[in-house]
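# Close look at the chain arrangement
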Amino acid sequence: SPSLYQQIGAEAGAERLVDAFINQIGNDAQILPFFANASVAHFRAGFLTHMCDVLDGPCEYRGDSMVQIHTGMAIKEADFNRVVELLIAAMDEVGISVPVQNQILARLAPLRGEIIKI
Ligand code: HEM
């Protein structure tokens, strides 16, 4: 059966999704401040490869670990939940079906403990 990566439209679909997500973050007063010192190009490339890997696409994420990246950001539960909302809004925007959205969120949910309160 097709991978989740294929179901979102492979490379072009993943790029549309990540660009919509970045646009959501750029318009969100709660989350944008976390990215004040980040490079958008670096985040885009890293998030794309990580997403491709997590969704069983033909990529292997070799960047810093989730713990390494997010340590010191003091991300709270509410911030994590907000980022999930922004990702859902981005998935809606690019037309990913709700069943596929739920499978994607199920892949990301276990990462919560590596990202918050560290
Ligand atoms: C499941 C949720 C999340 C995943 C899978 C995730 C994943 C990632 C990945 C893959 C990168 C880029 C790594 C690289 O190549 O350098 C990144 C960077 C970043 N993430 Fe997350 N993240 C998540 C949640 C969050 C949350 C909730 C926040 C803040 C509220 C956040 C803030 C950041 C920031 C600011 C960067 C850029 C760091 C920099 O380049 O300076 N992330 N994240």
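Cut-offs and rules
Residues numbered from 1 in each chain as written. Predicted model: local features only at pLDDT ≥ 70, side-chain atom pairs only at ≥ 80, totals over all residues. Heavy atoms only, no water. Helix = DSSP H or I, 4+ residues; strand = E, 2+ residues; numbered from the N terminus. Buried < 20%, exposed > 50% of the residue type's maximum accessible area, 1.4 Å probe, protein only. Lys, Arg positive; Asp, Glu negative; His and termini not counted. Salt bridge = Lys/Arg side-chain N within 4 Å of Asp/Glu carboxyl O. Contact = heavy atoms within 4.5 Å.

What follows deals with the side chain of Asp79. Structurally, the position occupied by Asp79 is in helix 5 (residues 77–93). As a buried residue without a salt bridge, Asp79 has its nearest oppositely charged side chain in Lys76, at a separation of 5.2 Å. When sequence neighbours within four positions are dropped, the list of residues in contact with Asp79 reads Gln30, Ile31, Phe34 and Ala74.

This next bit is on the pattern of salt bridges. According to the stated counting rule, one finds 8 salt bridges in the structure shown. The partner of Asp28 in a salt bridge is Arg82, with the nearest N and O atoms 2.6 Å apart. Here Asp28 is found in the loop between helix 2 (10–26) and helix 3 (40–54), whereas its partner Arg82 is found in helix 5, with 54 residues between them in sequence. Across the salt bridge formed by Asp56 and Arg107, the nearest N and O atoms sit 3.1 Å from each other. One end of the pair, Asp56, is in the loop between helix 3 and helix 4 (66–70); the other, Arg107, is in helix 6 (residues 98–108), with 51 residues separating them in the sequence. In this structure Asp56 comes out as partly exposed when scored by relative accessible area, which is 45%. Salt bridges sharing common partners tie together Glu15, Asp19 and Arg44.

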